[in-house]
Amino acid sequence: MGVNASVLAIDAGNSKTDVALIGENGSVLSTARGGGFQPPVVGVERSVDILAAVVGQALALCEEDVTGVTHVSACLANADLPVEEAELTQALLRRGWGGTVEVRNDTFAILRAGVDEPRGVAVVCGAGINCVGMVPDGRTARFPAIGRISGDWGGGSGLADEALWFAARAEDGRGEPTELVRTLPGHFGLGSMYELIEALHRGLIPDGRRHELTPVLFTTSAAGDPVAGALVDRLADEVVAMASVALGRLGLLAQEVPVVLGGSVLAARHPRLDGRIAKLLSERAPKAVVRVVAQPPVLGAALLGLDRVGAAPQAHGRLRSHYA
């Protein structure tokens, strides 16, 4: 005899996709993992084909015969604008995976994974930087978060570029001295910024390896370099600016509310960065409680799905215990 899955949860990032089938009582019926989700690179339909392959794996791995899915909760990278969420919602509806579909930006999955109820703000700093907030009545706060044209600064890629900029100017005399002129090329076994610039420009070092320079920046900052330290401080300023604006939009600045930090840069727990974020946020939102999320984002997508179908608190608790 078949069973009905309450939620098909999808967390799709640029590099990987996680899928979980959730039962009505919050049990995890099956999970699967597959490739990344990049509509700007390969188009919407081809990207959804990648999701379909992972969904198919989850259904095939399920020990129960799943006869239907009530709701699809999809938290997707590159769903940065409401118009993109609407477009992707229609694309998923056409696949017929569930009775209803809700598409959100993947930052909402990290937020929901880190809070006990749909109430709080999350700032995510991985390759890029983004911030979202939500409250139980359905209101949200968000930013376009598509790069410099939308006012963004920071993220791992942005920090690497800033470090290269300051180091290049320090070496040729246009800028102030910094140890980055040695630590950045030294990471790749090179002796000067000129050699590093040439290697990056000519493709001798793949562009995709630039992200390796972000940890070098933090190490250089921790050793006392003032230029690297200023970049770390500016990232903290940006995190607090985004969080406090989102809290203000939702009327939460004076309330005790979680501020969830996620993404590879913030999850690394750099002392200088963490300390400045805590200090500045305590001045802007004195009752905010900072948390670093440790749970996988697919949990957040699943919890958002249970919220949507009106599942009992026990179902939420059972689901959380699976990922504890």
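What you see is a predicted model; the values in this text were computed from it and never measured. (Residues numbered from 1 in each chain as written. Predicted model: local features only at pLDDT ≥ 70, side-chain atom pairs only at ≥ 80, totals over all residues. Heavy atoms only, no water.)

**Student:** Help me understand the layout of surface pockets, please; the structure alone is not making it clear to me.
**Tutor:** Here the largest pocket is characterised by a volume of approximately 1,300 Å³. Lining the largest pocket are 41 residues, with Asn14, Asp106, Gly126, Ala127 and Gly128 sitting closest to its centre. Put simply, the parts of the chain that give the lining of the largest pocket at least two residues each are strand 1 (3-12), helix 1 (39-42), helix 4 (107-113), strand 7 (129-134), helix 5 (155-172) and helix 10 (264-267). Considering each element in turn, the lining of the largest pocket owes the most residues, four residues, to helix 5. Split by residue class, the lining of the largest pocket holds 15 nonpolar, 18 polar and eight charged. (1 Å grid on protein atoms, 1.4 Å probe; cavity = no way out; pocket = protein on both sides within 12 Å on 5 of 7 lines; lining within 4 Å. Points joined across faces, edges and corners; volume = space filled by probe spheres on them. Helix = DSSP H or I, 4+ residues; strand = E, 2+ residues; numbered from the N terminus. Nonpolar A, V, L, I, M, F, W, Y, C, P; charged D, E, K, R; others polar.)

**Student:** Just to check I follow, could you spell out the environment of Thr89 for this structure?
**Tutor:** Relative to the assigned elements, Thr89 resides in helix 3 (residues 82-95). Residue classification places Thr89 among the buried positions, given a relative accessible area of 14%. Leave out the neighbours within four places in its chain, and Thr89 touches Val101 and Val103. (Buried < 20%, exposed > 50% of the residue type's maximum accessible area, 1.4 Å probe, protein only. Contact = heavy atoms within 4.5 Å.)

**Student:** Could you clarify how one ought to interpret the sheet that holds strand 5 (residues 100-105) in this entry?
**Tutor:** To summarise the sheet geometry, strands pair through backbone hydrogen bonds and adopt either a parallel or an antiparallel arrangement. With mixed pairing, five strands are arranged side by side in an open sheet as 3-2-1-4-5. Edge positions in the sheet fall to strand 3 (28-34) and strand 5, since each has one partner strand and no second. Adjacent strand axes in the sheet meet at a mean angle of 20 degrees, parallel and antiparallel pairs treated alike. Direction of pairing for strand 1 relative to strand 2 (residues 17-22): antiparallel, over a ladder of six bridges. By the bridge assignment for strand 2, Ala12 is matched with Thr17. Of the strands in this sheet, strand 1, strand 2, strand 4 (66-76) and strand 5 are in contact with helix 12 (residues 297-309), which crosses strand 1 at around 135 degrees. Running at roughly 50 degrees to strand 3, helix 13 (residues 313-323) makes contact with strand 2 and strand 3 of the sheet. (Pairing = 2+ DSSP bridges. Axes fitted to C-alpha atoms, helices over the stretch in contact; angles between N-to-C directions.)

**Student:** Hey, could you run me through the pattern of salt bridges in this one?
**Tutor:** It is possible for side chains bearing opposite charge to pair when their charged atoms get close. Applying the stated criterion across every chain yields a total of 19 salt bridges. The partner of Asp18 in a salt bridge is Lys16, with the nearest N and O atoms 3.3 Å apart. Residue classification places Lys16 among the partly exposed residues on the basis of a relative accessible area of 30%. Its salt-bridge partner being Arg174, residue Asp172 comes within 2.8 Å of it at the nearest N-O pair. Through salt bridges with shared partners, a single ionic network connects Glu45, Asp49, Arg94 and Arg95. (Salt bridge = Lys/Arg side-chain N within 4 Å of Asp/Glu carboxyl O.)

**Student:** What's the story with the packing of aromatic side chains in this structure? I'm lost.
**Tutor:** To describe a pair of aromatic rings, one takes the distance between the centres and the angle between the planes. Enumeration according to the criterion identifies one aromatic pair in this entry. Seen from their ring centres, Trp165 and Phe166 are 4.9 Å apart, and the 80 degrees between their planes marks the pair as edge-to-face. Looking at Trp165, the relative accessible area reads 47%, which means it is partly exposed. A cation over an aromatic ring shows up here: Arg249 above the ring of Phe143, its NZ or CZ 4.7 Å from the ring centre. (Phe/Tyr/Trp six-rings, centres within 6.5 Å; stacked < 30°, edge-to-face > 60°. Lys NZ or Arg CZ within 6 Å of the ring centre and 35° of its normal.)

**Student:** Can you help me understand helix 13 in this one?
**Tutor:** An α-helical segment advances 3.6 residues per turn. Residues three or four places apart therefore align on the same side. All of the buried residues in helix 13 are Ala315, His316, Leu319 and Tyr323. Buried residues along helix 13 cover an arc of 100 degrees about the axis, so they all sit on one side. For helix 13, the exposed residues set more than 90 degrees away from the buried face come down to Pro313 and Gln314. (Arc of directions from axis to C-beta.)

**Student:** It is not clear to me how unusual backbone geometry should be interpreted in this structure. Could you clarify?
**Tutor:** The phi torsion of most residues other than glycine is negative, and most of the peptide bonds are trans. A positive phi angle is found at Asn78, which is not glycine, with a value near 70 degrees. Following the sequence through the fold, Asn78 ends up in the loop between strand 4 and helix 3. Here Ala145, not a glycine, exhibits a phi torsion of approximately 55 degrees, which is positive.

**Student:** Would you take a moment to explain the pairing of strand 9 (residues 258-262) for this structure?
**Tutor:** Consecutive side chains along a regular strand alternate between the two faces of the sheet. With five of five residues buried, strand 9 is to be regarded as a mostly interior element. Across the two faces of strand 9 the burial is the same, with Pro258, Val260 and Gly262 and Val259 and Leu261 all buried. Both strand 9 and strand 10 (residues 289-292) contribute to a ladder of four bridges, which runs parallel. Bridged to Val259 within strand 10 is Val290.

**Student:** I tried to follow the pairing of strand 5 on my own but got confused; where do I start?
**Tutor:** Bridge analysis of strand 4 against strand 5 gives six bridges, and the strand direction is parallel. Along strand 5, the bridge assignment pairs Ser73 with Glu102. In this region the chain leaves strand 4, passes through helix 3 and returns to the parallel neighbour strand 5; the handedness of that crossover is right-handed. (Right-handed = clockwise from strand over helix to strand, strands pointing away.)

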